[in-house]
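The chain contents come next:
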Amino acid sequence: MKKKKLKAKIIILSVLALLLLLMTCFAGLVAKNDPNATSAAAIRTAPCADYPFGTDNLGRCVFSRVLYGGRTTITATFFLVAVSFAAGTLIGMICGYHGGIIDGILMRIADIMLAFPQMVVAIAVAGILGGGMKGAMIALGITMWVSFARLARSHTFSLKKEAFIKAALIAGKGDIYIIIVHILPNLLAPVLTNALTQIGTTMIGLSGLSFLGLGVVPPTAEWGSMISEGRAYIQIAPWAVLYPALATLITIIIFNCLGDAVMDYREA
Amino acid sequence: MVADKEKILKISGLSAAYEDANVINSVSLDVYKGEVLCIVGESGSGKSTLIKAICADNSVSVEEGSITYKDKVVTDLKAREVQKLLGCEIGLIQQNPWGAFNPIRRIDVQFKETFRSHGKFFHAERIKEIFEVLGLKDPDKILKMRPYELSGGMSQRIAIAAAFVLNPKLLLCDEITSALDVTIAMQVMQQLMELKKQQETTIIMVTHNLGLAKCIADRIAIMYEGKIVECAEASDILKDPQDEYTKRLISDVPRLRAI
Amino acid sequence: MIKKVLKRILTLVVILVILSFFVFALMYIAPGDPAEKRLTSQGVAVTKKVLDAERERLGLMKPFLVRYGEWLFSIIRGDFGISFKDDMPVAPKLLQGLGRTAVLALTSLAVSLITSFLFAVASVLKKDGIADRIIKVFSFVSNSLPNFLISVLLMYFLCIKLKLFPVIAKGDLKGLLLPVLSLSIPMIGRFIRQMRAEFLSEMSKDYVAGMRGRGVKTGYIMFNVIRNSLGHIFTIIALQTGTLMGGSVVIETIFRWPGIGKLVMDSITARDYPVIMGFVVIMGTIYLIINQIADVLSHRLDPRPES
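**Considerations on the overall build of chain B**
- Scanning chain B from terminus to terminus reveals 10 helices and 10 strands.
- Reported as C-alpha extents along the three principal axes, the dimensions of chain B are approximately 50 × 45 × 40 Å.
- Relative to its 259 residues, chain B shows a buried fraction of 53%.
- Across chain B, every contact between residues at least 6 apart in sequence was considered, and the portion connecting residues at least 24 apart equals 68%.
- Roughly 12100 Å² of accessible area belongs to chain B as shown, and the carbon and sulfur atoms make up 49% of that amount.
- Of the charged side chains in chain B, 34 are positive and 36 negative; the average position of the first set lies 6 Å away from that of the second.

See below:
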């Protein structure tokens with residue numbers, strides 16, 4: 001009963017998330033205005049037929065910028081989560097499978113990464129790297145892989161004790177074969193769930209860094225930096241802030257909801 | 001003989017669910033004052049859920065029927081009234097020996113909270129009296145300890161004491177000796193029966209152990225897949241079982257002993 | 001006992017050294033030259049000769065390990081170096097900022113803890129009731145709100161639409177309110193979620209059923225549940241201080257609160273490395289100490305031997 005309800009919830013949320021992704025992927029089809037085209041004649045225009053979300057301080061279409069900005073934010077987030085997921089899972093599997101010195105060293109590094117306040121390190125690193133989305137992603141990525149590695153490691157640990165792995169070992173299968181064929185598919189579900197729950201947090205982190213000017217380089221549209229720019233003239237053109245803010249909020253809530261629902265589903 | 005005794009608890013047509021699964025199906029059962037009623041069944045038969053339903057645990061949702069204790073319909077009571085009823089009128093002892101007390105706080109403090117919850121003062125003499133029957137030596141030392149420092153047998157004895165301290169009329173026991181060693185379980189059961197005699201308590205004992213039921217029960221109810229399949233005087237049920245499941249259950253007992 | 005304390009301190013120092021080395025190395029390889037930045041900001045025409053002289057003066061010409069070693073030893077003496085930006089000692093700047101940040105962060109922490117504790121308890125007591133559902137939705141949404149977003153929204157609705165507060169924070173109580181709210185709201189959401197989960201898992205334990213079976217009053221039961229959750233709650237709080245530190249950088253920048261976060265953001269723009277390093281070291285040390293204390297506390301609060 002409960003499971004069925006959760007399943008329905010997951011499907012609805014997935015559809016919403018997919019819709020969001022499609023909207024931003026095909027931003028060019030939905031938005032007719034160039035997100036970076038400035039127009040001296042249309043500075044801070046209130047929302048109207050030509051500019052559904054109004055224009056900003058340089059006369060750029062906020063609607064287009066929200067869509068294209070979503071592409072920046074969401075792509076960067078997915079890329080970062082995917083890389084952390086891949087790197088973390090690989091490290092975790094190696095550690096859990098091999099144990100010994102490799103495990104000791106890598107897990108010590110993970111401990112040190114976790115011992116530090118993530119956002120403090122991220123701000124310092126992004127700041128030193130001199131802004132840019134790449135810098136922001138590196139700044140967040142250096143601590144993000146840890147949760148994946150730990151999860152993958154503990155699952156590998158318990159999987160190694162299972163009979164079917166022992167059987168594969170006796171059958172003379174190689175380590176790499178066992179890791180890829182037997183271990184990876186069995187730990188994918190929990191690790192992927194973790195990836196899903198990380199999307200919201202990562203988005204908060206990335207747009208936060210962009211807001212501080214440590215993320216995207218202007219004039220590229222990005223929600224955090226749009227909010228930051230629009231803040232200066234929020235009294236005159238609140239739409240330049242409120243629409244990207246709304247977009248950020250909706251996106252994070254959808255992905256967080258989805259993450260929670262999948263977690264609940266797996267536990268139920 | 002049973003018929004003219006006073007009814008203390010009446011369960012009529014009870015259907016209840018526990019964690020989204022229907023586990024009790026139209027169960028009717030009368031409990032008479034002063035008796036020991038054993039409810040015997042395998043795990044998953046719904047016997048523990050029945051106990052939970054009697055003490056109005058909120059993890060059990062009653063879908064049909066009612067439970068009446070004396071003149072109170074337990075299934076209709078508000079949370080506050082249930083709280084007053086439990087402890088003073090209906091007591092509960094669980095399977096987990098460490099399940100009665102917060103493991104990391106001192107036992108005397110927790111007895112104090114039990115007394116205070118019913119508007120009474122901490123009554124050390126009463127605790128010590130019961131401790132003595134239960135063979136708990138050095139009560140002052142025990143009261144200053146924390147449950148995690150105690151053995152299972154000790155903990156279960158103290159749990160029994162905590163149940164008896166408010167002198168409830170009806171005591172619900174849920175597999176209370178199944179987590180203990182056999183010899184200790186025997187001792188604890190004897191001591192419990194001693195207390196029952198002194199305090200004239202009615203006991204509903206849930207167990208999967210027919211041998212135990214045989215030793216202590218006045219009446220036995222057999223539960224299977226959420227239903228009471230048979231309920232009769234202990235000697236009758238053991239000598240002349242009517243239901244197929246009961247017959248199988250009884251024939252299993254000696255076979256197990258032979259192993 | 002002494003051995004344990006020493007071990008904890010040693011762990012702390014090792015982590016700090018590794019992290020500071022990492023950040024220092026990153027600065028070494030990062031693009032951007034502080035000497036050039038400084039000269040251009042002063043309006044000096046940058047020639048190779050002037051640049052080299054400036055680099056020499058700022059100590060940028062020495063080999064990497066020598067620079068790191070010198071920096072590390074001066075930190076131990078409490079000397080955080082000289083600011084590249086204005087030649088002022090860094091330590092007093094950092095300390096002054098830290099004090100102001102502490103005011104902001106601690107107020108926010110106190111506000112969040114009190115609010116979320118009350119909400120979490122109410123939510124658990126009336127589980128699945130209307131209050132619980134409202135609290136769950138609220139905590140979910142506020143947990144999904146980035147700090148910068150909530151502060152901009154608060155600014156827009158409270159300062160501009162309703163004109164309740166000044167847009168730029170002064171040091172007074174009224175000026176403190178918006179930054180504190182901006183920092184607290186997401187934190188309240190997180191705390192409620194974590195505390196609620198903690199309380200619920202504690203309430204599912206057998207002893208709670210046992211107490212209920214004796215008719216122990218809800219107040220006493222709740223007291224026991226909270227008492228047993230305290231260790232975990234301290235750990236949760238300690239971990240959240242990290243998020244709080246990151247959040248305060250954002251909030252200080254938005255509200256121009258002259259704390260350590262605003263200082264570091266200004267220094268990042270100016271490539272003022274000594275200040276950035278000082279920020280990392282100070283925040284890291286505080287965070288590590290808080291977490292060590294929480295760890296000790298949670299062990300103290302649960303007398304059971306570890307299994």
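Picking up after the structure, the text goes on.
**With respect to the nonpolar core**
- Core analysis: the biggest nonpolar cluster contains 159 residues, and Ile183(A) and Phe199(C) have the highest contact counts within it.
- The two domains that each donate at least three residues to this core are domain 1 (18-76) and domain 2 (100-301) of chain C.
- Apart from residues lying up to four places away in sequence, Phe199(C) is in contact with Phe117(C), Ala120(C), Val121(C), Val124(C), Met222(C), Val225(C), Ile226(C), Ser229(C) and Ile233(C).
- One finds Phe131(B), Ala161(B), Ala213(B) and Tyr245(B) within the second-largest nonpolar core, a separate group that totals 51 residues.

**What about the side chain of Asn291(C)?**
- Tracing the backbone through its elements, the reader meets Asn291(C) in helix H12 (residues 273-301).
- Side-chain polar atoms of Asn291(C) contact the backbone oxygen of Tyr287(C), separated by 3.0 Å.

**What to know about the sheet that holds strand S6 (residues 90-93) of chain B**
Residues and elements named next belong to chain B.
- Ordered in space as S6-S7-S8-S3-S9-S10, the 6 strands form an open sheet in which the pairing is mixed. Edge positions in the sheet fall to S6 and strand S10 (227-233), since each has one partner strand and no second. Across this sheet, the average inter-strand angle for adjacent strands is 15°, counted without regard to direction.
- Its contacts with the sheet put helix H7 (residues 182-199) on strand S3 (36-40), S6, strand S7 (170-174) and strand S8 (202-207), and the angle it makes with S8 is roughly 160°.

**Remarks on the interface of chain C and chain B**
- Of the residues lining the interface, 21 residues belong to chain C; the matching set on chain B comes to 30 residues.
- Both sides of the chain C and chain B interface together cover about 2200 Å² of buried area, and 53% of this is carbon and sulfur.
- Seen at the junction of chain C and chain B, the total is 0 salt bridges.
- Applying the counting rule to chain C against chain B returns 17 residue pairs in polar contact (both at pLDDT 80 or more).
- Breaking the side of chain C that touches chain B down by element, the ones donating at least two residues are helix H9 (206-213) and helix H10 (218-255) of chain C.
- At 7 residues, the largest contribution of residues to the side of chain C that touches chain B is made by H9(C).

**Description of the pairing of strand S1 (residues 7-18) of chain B**
All names here are of chain B.
- Sheet topology note: the S1/strand S2 (residues 21-32) ladder contains 8 bridges and is antiparallel. Bridging from a neighbouring strand, Ala-16 pairs with Ile-24 of S2.
- As judged from the 8 bridges shared by S1 and strand S4 (residues 60-69), these two strands associate in the antiparallel manner. Looking at S4, one finds that Ala-16 is bridged to Val-62.

**Side note on a positive patch on the surface**
- A surface patch of like charges, here positive, comprises Lys2(A), Lys5(A), Lys9(A), Arg133(C) and Lys136(C).
- Listing elements by their share of the positive patch, those giving two or more residues are helix H1 (2-25) of chain A together with helix H6 (130-143) of chain C.
- Examining the composition of the positive patch, we find that 3 residues originate from one element, H1(A), more than from any other.
- Residue placement: Lys5(A) occurs in helix H1.

**Here we look at the domain arrangement of chain C**
All names here are of chain C.
- Each assigned domain of chain C is listed here: domain 1 (18-76) and domain 2 (100-301).
- Spacing between the C-alpha centres of domain 1 and domain 2 amounts to 37 Å.
- Here domain 1 and domain 2 share 0 salt bridges between them.
- Elements supplying a minimum of two residues to the side of domain 1 that touches domain 2: helix H1 (2-29), helix H2 (34-42) and helix H4 (64-76).
- Looking at the side of domain 1 that touches domain 2 residue by residue, the class counts come to 9 nonpolar, 2 polar and 1 charged.

**Observations regarding H6(C)**
- Taking 1.5 Å of rise per residue, 14 residues should cover 20 Å, and H6(C) covers 20 Å from first to last C-alpha, within 8% of that figure.
- If you check which residues of H6(C) are buried, you get Asp132(C), Ile135(C), Ser139(C), Phe140(C), Ser142(C) and Asn143(C).

**Some thoughts on the interface of chain A and chain C**
- Across the boundary between the two partners, chain A contributes 38 residues, which contact 40 residues of chain C.
- Across the interface of chain A and chain C, roughly 3500 Å² is buried in total on both sides, 85% from carbon and sulfur atoms.
- A per-residue breakdown of the area chain A buries against chain C is headed by Phe116(A), Val120(A) and Ile128(A), which together make up 19% of the total.
- Here Arg193(C) and Asp260(A) are joined by a salt bridge, their closest N and O atoms 3.0 Å apart.
- In this structure, the connection of chain A to chain C is made through 4 residue pairs in polar contact (both at pLDDT 80 or more).
- Elements that contribute at least two residues to the side of chain A that touches chain C include exactly helix H4 (100-114), helix H5 (118-128), helix H8 (175-211), helix H9 (223-231) and helix H10 (239-267) of chain A.
- Counting residues per element, the side of chain A that touches chain C draws most heavily on H10(A), at 10 residues.
- Split by residue class, the side of chain A that touches chain C holds 28 nonpolar, 8 polar and 2 charged.

**Quick look at the side chain of Glu113(B)**
- The residue Glu113(B) is located in helix H3 (residues 107-117) in this model.
- Residue class for Glu113(B) comes out buried when judged on its relative accessible area of 6%.
- If we skip the residues at most four places from it in the chain, Glu113(B) touches Arg105(B), Met211(C), Tyr220(C), Phe223(C) and Asn224(C).

**Examining helix H4 (residues 124-133) of chain B**
All names here are of chain B.
- By the burial criterion, the buried members of H4 are Arg-126, Ile-127, Ile-130, Phe-131 and Val-133. Seen from one end, H4 has its buried residues packed into an arc of 160°, which puts them on one side.
- Residues of H4 that are buried in the fold lie against H3, helix H5 (139-143), helix H6 (152-164) and H7.

**Let's talk about the packing of aromatic side chains**
- All chains considered together, the criterion is met by 20 aromatic pairs over all chains.
- A ring pair is formed by Phe115(B) and Phe122(B), whose centres lie 6.0 Å apart and whose planes are at 85°; its orientation type is edge-to-face.
- On the accessibility criterion, Phe122(B) (29% relative accessible area) is partly exposed.
- Judged by centre distance (4.0 Å) and plane angle (25°), the rings of Tyr224(B) and Tyr245(B) are stacked. Here Tyr224(B) is found in strand S9 (residues 219-224), whereas its partner Tyr245(B) is found in helix H10 (residues 244-258), with 21 residues between them in sequence.
- Judged by relative accessible area, which is 24%, Tyr224(B) ranks as partly exposed.
- In textbook terms, an aromatic cluster arises when at least three aromatic residues are bridged by ring pairs, as seen for Phe21(C), Phe24(C), Tyr28(C), Phe64(C), Tyr68(C) and Trp71(C).
- Above the face of the Tyr265(A) ring, Lys3(A) is positioned so that its terminal group lies 4.9 Å from the ring centre.
- Positioned over the ring face of Phe122(B) is Lys112(B), at 5.2 Å from the centre of the ring.

**Quick word on unusual backbone geometry**
Residue and element names in this part refer to chain C.
- Of note in the backbone geometry, Asp-87 takes a positive phi value of approximately 60° without being a glycine.
- Mapped onto the fold, Asp-87 is located in the loop between H4 and helix H5 (90-125).
- For Arg-256, which is not a glycine, the phi torsion comes out positive at approximately 50°.
- Looking at the secondary structure, you find Arg-256 in the loop between H10 and helix H11 (260-269).

Basis of the calculations
- Residues numbered from 1 in each chain as written.
- Chains lettered and ligands numbered in written order.
- Predicted model: local features only at pLDDT ≥ 70, side-chain atom pairs only at ≥ 80, totals over all residues.
- Heavy atoms only, no water.
- Helix = DSSP H or I, 4+ residues; strand = E, 2+ residues; numbered from the N terminus.
- Buried < 20%, exposed > 50% of the residue type's maximum accessible area, 1.4 Å probe, protein only.
- Contact = heavy atoms within 4.5 Å.
- Areas by Shrake-Rupley, 256 points an atom, 1.4 Å probe, with all protein chains shown as cover.
- Lys, Arg positive; Asp, Glu negative; His and termini not counted.
- Charge placed at Lys NZ, Arg CZ, Asp CG, Glu CD.
- Core = buried A, V, L, I, M, F, W, Y, C linked by side-chain atoms within 4.5 Å.
- Domains from an automatic or database assignment.
- Polar contact = N/O pair within 3.5 Å; in protein donor to acceptor, adjacent residues only side chain to side chain.
- Pairing = 2+ DSSP bridges.
- Axes fitted to C-alpha atoms, helices over the stretch in contact; angles between N-to-C directions.
- Buried area = accessible area lost by both parts, 1.4 Å probe.
- Salt bridge = Lys/Arg side-chain N within 4 Å of Asp/Glu carboxyl O.
- Patch = residues over 30% accessible without salt bridge, like charges linked within 9 Å, V, L, I, M, F, W, Y side chains within 5 Å.
- Nonpolar A, V, L, I, M, F, W, Y, C, P; charged D, E, K, R; others polar.
- Expected span 1.5 Å × (residues − 1).
- Arc of directions from axis to C-beta.
- Phe/Tyr/Trp six-rings, centres within 6.5 Å; stacked < 30°, edge-to-face > 60°.
- Lys NZ or Arg CZ within 6 Å of the ring centre and 35° of its normal.

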